[in-house]
Amino acid sequence: SQQGEEDPQALSIQEGENATMNCSYKTSINNLQWYRQNSGRGLVHLILIRSNEREKHSGRLRVTLDTSKKSSSLLITASRAADTASYFCAAGGGETSGSRLTFGEGTQLTVNP
Amino acid sequence: KAGVTQTPRYLIKTRGQQVTLSCSPISGHRSVSWYQQTPGQGLQFLFEYFSETQRNKGNFPGRFSGRQFSNSRSEMNVSTLELGDSALYLCASSFPQGSGEQYFGPGTRLTVT
């Protein structure tokens, strides 16, 4: 079973609108990562935020992390049709976890032209 | 740099057979992780190899095994295939020693009939 939950499970918006996806996790983390997956292909890394960071930006992406609530959010601004994909959060553990990631259930984002 | 490559991309096997999947990480990456993705269970961690040693293992039966070679290439093997093993198997590599972003291959789509 997955450690995290993502909300919403599906999101449909119009091009140009912003999309916000939320993620919750259950255990302590070293970092929280977001990945994108197109149509059952491999995952593409989007952004990583460390446990001592609260907010991070990368282009049109903004991610926040609240370790007290064990939650994170991903905001995609000015969305494009090409942003249509599944988005997953993944919790990265400490030194003993190595590279192991625990994924959330994912949010299916559809951006309508 | 070439990305993570996985072979084969698609595979159809019969129940009871065994299968071997291969993963070549990005040059210089020494950590290789394997994940299983199914519609019902989502993305689940199988195991991680670092410097030819299994560093982490997920909650999968012993039918699932893996190994890593001195050139960091990795293989995973599934014996006595079951219908429920049908999934997308993803390999990811990372550098230098984990707890960071991972680079995923395109996956191997395994169908068990």
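Reference entry: report on the structure contained in this document. As the structure is a computational prediction, the values presented were derived from the model and not from experiment.

### Overview of the environment of Arg 36 of chain A
All names here are of chain A. You can see Arg 36 is positioned in strand E4 (residues 31-37). Considered as a pair, Arg 36 and Gly 106 are 70 residues apart in the sequence and their alpha carbons are 9.2 Å apart. With residues up to four places along the chain from it excluded, the contact list for Arg 36 reads Gly 42, Leu 43, Val 44, Leu 46, Ala 85, Ser 86 and Tyr 87.

### A look at the sheet that holds strand E3 (residues 19-24) of chain B
Residues and elements named next belong to chain B. The strand order across the open sheet built from four strands is E1-E3-E8-E7, with neighbouring strands paired in antiparallel fashion. Only two strands of the sheet have a single partner each, and these edge strands are strand E1 (5-7) and strand E7 (64-68). Taking each pair of neighbouring strands and ignoring which way they run, the sheet shows an average axis angle of 20°. In terms of strand pairing, E1 meets E3 through three bridges, oriented antiparallel. The residue of E3 that forms the bridge with Thr 7 is Ser 22.

### What about the pattern of salt bridges?
All names here are of chain B. By the definition in use, this model includes seven salt bridges over all chains. Between Arg 63 and Glu 82 there is a salt bridge, and its shortest N-O distance comes to 3.6 Å. With Arg 63 in the loop between strand E6 (53-57) and E7 and Glu 82 in the loop between strand E8 (74-78) and strand E9 (87-94), the pair connects residues that are 19 residues apart, well separated along the chain. A relative accessible area of 16% means that Arg 63 is categorised as buried. The shortest N-O distance in the salt bridge between Arg 73 and Glu 75 comes to 3.3 Å. Given a relative accessible area of 24%, Arg 73 falls into the partly exposed group. Of the residues examined, Glu 75 reaches a relative accessible area of 15% and is grouped as buried.

### Here's the deal with the nonpolar core
Formed by 23 residues in total, the largest nonpolar core has its most connected members in Leu 32, Trp 34, Leu 74, Ile 76, Tyr 87 and Leu 109 of chain A. Sorting the residues of this core by element identifies strand E2 (10-14), strand E3 (19-24), E4, strand E5 (43-50), strand E7 (61-66), strand E8 (71-76), strand E9 (85-92) and strand E11 (107-112) of chain A as the ones contributing at least two each. With four residues, the single largest contributor to this core is E9 of chain A. With residues up to four places along the chain from it excluded, the contact list for Tyr 87 of chain A reads Glu 6, Met 21, Tyr 35, Arg 36, Leu 46, Leu 74, Ile 76, Gly 106, Thr 107 and Leu 109 of chain A. Counting residues in each nonpolar core, the second largest holds 21 residues, with Val 19, Val 32, Tyr 49 and Met 76 of chain B among its members.

### Section: the interface of chain B and chain A
Listed by partner, the interface residues are 27 residues for chain B and 24 residues for chain A. Summed over both sides, the interface of chain B with chain A buries roughly 1,800 Å², with 46% coming from carbon and sulfur. For the pair chain B and chain A, the number of links is four residue pairs in polar contact (both at pLDDT 80 or more). Contributing elements (two or more residues each) for the side of chain B that touches chain A: strand E4 (31-38), strand E5 (42-50), E6 and E9 of chain B. Residue contributions to the side of chain B that touches chain A peak at five residues, all from E5 of chain B. Grouping the constituent residues of the side of chain B that touches chain A by class yields seven nonpolar, 15 polar and five charged.

Definitions and cut-offs
Residues numbered from 1 in each chain as written. Chains lettered and ligands numbered in written order. Predicted model: local features only at pLDDT ≥ 70, side-chain atom pairs only at ≥ 80, totals over all residues. Heavy atoms only, no water. Helix = DSSP H or I, 4+ residues; strand = E, 2+ residues; numbered from the N terminus. Contact = heavy atoms within 4.5 Å. Pairing = 2+ DSSP bridges. Axes fitted to C-alpha atoms, helices over the stretch in contact; angles between N-to-C directions. Salt bridge = Lys/Arg side-chain N within 4 Å of Asp/Glu carboxyl O. Buried < 20%, exposed > 50% of the residue type's maximum accessible area, 1.4 Å probe, protein only. Core = buried A, V, L, I, M, F, W, Y, C linked by side-chain atoms within 4.5 Å. Buried area = accessible area lost by both parts, 1.4 Å probe. Polar contact = N/O pair within 3.5 Å; in protein donor to acceptor, adjacent residues only side chain to side chain. Nonpolar A, V, L, I, M, F, W, Y, C, P; charged D, E, K, R; others polar.

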